[in-house]
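Results of the structural survey
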Amino acid sequence: MQTRPVIRYRGVHKAFDLPVLEGIDLDIHSGEMFGLFGASGAGKSVLLKTTIGLIVPDRGDVEVDGKSVFFGDGRDLRRIRDKVGYVFQHAALFDSLNVFENVETGLPVRRLRAMDGMRIARLVWQALERVLLDPREVMTKLPAELSGGMKKRVGIARAIVGGPDILLWDEPTTGLDPVNTAGVQRQIRRLSRELDVTSVIVTHDIEGGLEMCNRVAMLEGGRLRFLGSPAAFRASSDPIVRAFVDRAAAEAAVDLVATT
Amino acid sequence: MLPTPNGLSRTGWRALVPQQVTQGENGRHEEHWATRWAWFGTCAVRGFPAVTGRSETPSRAERWLAQVARAGRTVLQHSGEIAILLRDIVAALVGLRVSPRSILRQMYVMGVQSIPIVVLTAVLAGIVTSQQGGYQFTGAIPLYVLGSIVTESVVLEMGPVLTAIVLVGRVGARITAELGTMKVSEQIDAFYSVGRDPVSILAAPRVVAGIIVVPVLVAIANLVGILAGMVSAQLTVGLGPNSFLYGARLYWQSWDLFYSLTKALVFGFTIPVVAIHMGLRTEGGAEGVGKTTTQAVMFMTLAVLIMDALFPPLLLD
């Protein structure tokens, strides 16, 4: 049964020096794990960033839970951002804040004002435990003192601490070794299930993405080249999709050889 | 007929052009004047060959026009972005969304930590002015006039301008590099994503701190510069403190102090605003941070010197 769309991209156009997105129409449904593939520069991250207004499209609009991101008022956008957790490609932790303070910023401002210190500490603690970090060990550390994998996990903790309905993952496994990559993929699956959220995952890791997601899309030349199930993606006869899958498989094989 | 500018709608140009093509009296399609100007604008942005598809080199006039349009576009872009930044800063201040603790922290970083370098600069400025004046005036005019020359030079010019130049390097470059690094590492986006306003958190406290601390630093620089000049006058040309202060009082007007502190206030506002603006428009990783910081230092220095040149006709008779 088709669930209601929680994110709707409507004719999204964006160009920087050259066109990046040329009229993207896409619905993402409640509870889905949606994978967005495409070559570098295909506009995956740009599309993801339009979801919470980090990039403003030249034309078109995005709706989250029926509210317009770009044509609503400021309160609508605040509410949208409160219910969406965004995991950045390189974690984007605030350098001057320690891990506790970084995760704390993920709590919506209005909720934060109504909470006492104990409640905030408990939520931060739980979020860190959910991403398999020992709060006692990392809470007072600055981002510069963490490894790449730990930074990613703190970034995930910041995205989930506010109890979002939607999680946006921008290249969550980029820059990680295969062991950490597998760990982060397991976490994405587990958190999406436990928190009962809709997840949109932008990734270069096609195999990992196909395993995790129940629907995928591929961007090419600023347009949606493919939209469907992972099985249909694997079996696609579209030469561009095929070339992309084959190249991704070859790159994965090279990575595997390099690490073994 | 000029070729249609490809891709204008994507950058919003077409929305500005009332009508691409109109029906002329003779029945042929004629271009609207706005289309022609939009075409020149696009050529300026994207280059003639990209728009026209022509392989031959554009003429000198075309290149000149494109350069002028490109420069105009850059100036308008910077002006517009600074205006939006100022609007957001005012909104954050009026909405009481700026933490007093952040302002105090920035006052410490920009003000207290800058005192040693500002004092050193002021001492050197006072000594040089005094020595040079002594060299020029010994035997020509009464030496006590040196007190006035040192005091007026330091208060009207040396104190505010040298302090501002020092702060461009120490504070302005730091702000641009810090915010630029945050921008390229997506920390600014992260603020927005968690519903925080980076202008309230990062920009407004720095501007408020600049407005408060720079006049204080200039007042310190003025005082130290005059004292250094007085000591130097005693040591080099034998002009005692009483004669020096007599000369200083002879031509002193309280307006001079107001002039000096007004300059300081304007510089204290301009340096952080330009630094923040440049930091927030940084793109392109570590190289981009370096490039933007260099540009910011250049713009801030130029802004200080241009405003310094505008002050005398505006505030001095």
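Residues numbered from 1 in each chain as written. Chains lettered and ligands numbered in written order. Predicted model: local features only at pLDDT ≥ 70, side-chain atom pairs only at ≥ 80, totals over all residues. Heavy atoms only, no water.

Per the secondary structure count, chain A includes eleven helices and ten strands. For chain A, the C-alpha radius of gyration of 18 Å lies close to 18 Å, the compact-globule estimate for 260 residues. In terms of overall dimensions, chain A has C-alpha extents of about 55 × 50 × 40 Å along its principal axes. A total of 260 residues make up chain A; the buried ones form 52% of that total. Restricting to contacts in chain A with at least 6 residues of sequence separation, those with at least 24 account for 63%. For chain A, the centre of its 35 positive side-chain charges and the centre of its 34 negative side-chain charges are spaced 4 Å apart. (Helix = DSSP H or I, 4+ residues; strand = E, 2+ residues; numbered from the N terminus. Rg over C-alpha atoms; globule rule 2.2 N^0.38 Å. Buried < 20%, exposed > 50% of the residue type's maximum accessible area, 1.4 Å probe, protein only. Contact = heavy atoms within 4.5 Å. Lys, Arg positive; Asp, Glu negative; His and termini not counted. Charge placed at Lys NZ, Arg CZ, Asp CG, Glu CD.)

Here the focus is the sheet that holds strand 10 (residues 223-228) of chain A. Residues and elements named next belong to chain A. The six strands are arranged 6-7-8-3-9-10 in an open sheet whose pairing can be described as mixed. The open sheet terminates on both sides in strands that have one partner only, identified here as strand 6 (84-87) and strand 10. In this sheet, adjacent strand axes meet at a mean angle of 15° when their direction is disregarded. In the packing of helix 8 (residues 178-195) onto the sheet, contacts are made with strand 3 (33-38), strand 7 (166-170) and strand 8 (198-202), and the angle to strand 3 comes to roughly 145°. (Pairing = 2+ DSSP bridges. Axes fitted to C-alpha atoms, helices over the stretch in contact; angles between N-to-C directions.)

Before going further, it helps to examine the packing of aromatic side chains. How two aromatic rings sit relative to each other is set out by the distance from centre to centre and by the angle between their planes. Taken as a whole, this structure holds eight aromatic pairs over all chains when the rule is applied. Judged by centre distance (5.0 Å) and plane angle (75°), the rings of phenylalanine 226 of chain A and phenylalanine 233 of chain A are edge-to-face. With a relative accessible area of 12%, phenylalanine 226 of chain A lands in the buried category. For phenylalanine 233 of chain A, a relative accessible area of 0% corresponds to the buried category. Seen from their ring centres, tyrosine 259 of chain B and phenylalanine 311 of chain B are 5.9 Å apart, and the 85° between their planes marks the pair as edge-to-face. Taken together, the positions of tyrosine 259 of chain B in helix 11 (residues 254-280) and phenylalanine 311 of chain B in helix 12 (residues 285-315) put the pair 52 residues apart, joining distant regions of the chain. Aromatic ring contacts, followed pair by pair, group Phe37, Phe226 and Phe233 of chain A into a single cluster. We note arginine 158 of chain A situated over the ring of phenylalanine 94 of chain A; from NZ or CZ to the ring centre the distance is 4.9 Å. (Phe/Tyr/Trp six-rings, centres within 6.5 Å; stacked < 30°, edge-to-face > 60°. Lys NZ or Arg CZ within 6 Å of the ring centre and 35° of its normal.)

A word on the environment of serine 229 of chain A. All names here are of chain A. By secondary structure assignment, the location of serine 229 is in the loop between strand 10 and helix 10 (230-235). Using a relative accessible area of 32% as the deciding quantity, one classes serine 229 as partly exposed. For the pair serine 229 and tryptophan 125, spaced 104 residues apart in the sequence, the C-alpha separation amounts to 37 Å. When near neighbours in sequence (up to four residues on either side) are disregarded, serine 229 contacts Asn214 and Val216. Polar contacts involving the side chain of serine 229 include one to the main-chain amide nitrogen of alanine 232, which spans 3.1 Å. (Polar contact = N/O pair within 3.5 Å; in protein donor to acceptor, adjacent residues only side chain to side chain.)

Turning our attention to helix 5 (residues 117-130) of chain A. Residue and element names in this part refer to chain A. The end-to-end C-alpha separation of helix 5 is 20 Å, in line with the 20 Å expected for 14 residues at 1.5 Å each. Considered for burial, the residues of helix 5 that qualify are Ile120, Leu123, Val124, Ala127 and Leu128. Across the axial projection of helix 5, the buried residues extend over an arc of 135°, all falling on one side. The secondary structure elements touched by the buried residues of helix 5 are helix 3 (99-104), helix 4 (109-113), helix 6 (135-138) and helix 7 (148-160). With its phi angle positive at about 65°, leucine 132 sits one or two positions after the end of helix 5. (Expected span 1.5 Å × (residues − 1). Arc of directions from axis to C-beta.)

What follows concerns the interface of chain B and chain A. Between chain B and chain A, the residue contacts involve 14 residues of the former and 26 residues of the latter. The contact between chain B and chain A buries some 1700 Å² in all, and 54% of this surface belongs to carbon and sulfur atoms. Here chain B is connected to chain A by two salt bridges. A salt bridge links lysine 49 of chain A to glutamate 186 of chain B, with the nearest nitrogen and oxygen atoms 2.5 Å apart. The interface formed by chain B and chain A contains six residue pairs in polar contact (both at pLDDT 80 or more). (Buried area = accessible area lost by both parts, 1.4 Å probe. Salt bridge = Lys/Arg side-chain N within 4 Å of Asp/Glu carboxyl O.)

Residues and elements named next belong to chain A. In spatial order, the strands read 2-1-4-5; together these four strands make up an open sheet with antiparallel pairing. Either end of the sheet is taken by a strand with one partner, and the two such strands are strand 2 (19-29) and strand 5 (67-68). Relative to strand 4 (residues 59-64), strand 1 (residues 5-15) runs antiparallel, the two being bridged by five bridges. Each residue of the ladder has a partner; that of histidine 13, found in strand 4, is arginine 59.

All right, on to the packing of helix 7 of chain A against helix 8 of chain A then. All names here are of chain A. Packing of helix 7 against helix 8 brings their axes to within 11 Å, and their N-to-C directions diverge by 10°. Comparing the axis directions of helix 7 and helix 8 gives the class roughly parallel. Here Gly149, Arg153, Ile156 and Ile160 of helix 7 come into contact with helix 8, specifically with Asn180, Gln187, Leu191 and Leu195. Of the residues belonging to the contact of helix 7 with helix 8, the class tally is four nonpolar, three polar and one charged. (Parallel < 35°, antiparallel > 145°, perpendicular 65-115°, else oblique. Nonpolar A, V, L, I, M, F, W, Y, C, P; charged D, E, K, R; others polar.)

Moving on to the nonpolar core. Grouped together as the largest cluster of nonpolar side chains are 79 residues, with contacts concentrated most on Ile7, Tyr9, Leu21, Ile24, Leu47 and Leu168 of chain A together with Ile271 of chain B. The greatest single-element share of this core, amounting to 13 residues, is contributed by helix 9 (residues 198-237) of chain B. Apart from the residues lying within four places of it in its own chain, the contact partners of isoleucine 7 of chain A are Leu26, Asp27, Ile28, Thr51, Val62, Glu63, Ile166, Leu168 and Val200 of chain A. The next biggest cluster of nonpolar side chains, apart from the first, holds 46 residues, and it includes Phe37, Ala91, Ile156 and Val184 of chain A. (Core = buried A, V, L, I, M, F, W, Y, C linked by side-chain atoms within 4.5 Å.)

A separate point is the side chain of glutamate 152 of chain B. Residues and elements named next belong to chain B. Position of glutamate 152 relative to the elements: it lies in helix 7 (residues 145-184). Here glutamate 152 sits buried without a salt bridge, and the closest side chain of opposite charge, lysine 263, lies 11 Å off (N-O distance). When residues no more than four places from it in sequence are discounted, the contact partners of glutamate 152 are Glu157, Tyr251, Trp252 and Asp256.

All right, on to unusual backbone geometry then. Residues and elements named next belong to chain A. Backbone geometry at alanine 91 places phi at a positive 75°, although glycine is not the residue there. Relative to the helices and strands, alanine 91 is located in the loop between strand 6 and helix 3. Accessibility expressed as a relative area gives 3% for alanine 91, which makes it buried. At leucine 132, a position not held by glycine, the phi torsion is positive, near 65°. For leucine 132, the position within the fold is in the loop between helix 5 and helix 6.

To continue, consider the confidence of the model for chain A. Summary statistics for chain A give a mean pLDDT of 90 and a share of 96% for residues scoring 70 or more. Confidence scores differ between elements of chain A, with helix 11 (residues 239-259) of chain A showing the lowest mean pLDDT of 74 and helix 3 of chain A the highest of 96. (pLDDT = per-residue confidence, 0-100.)

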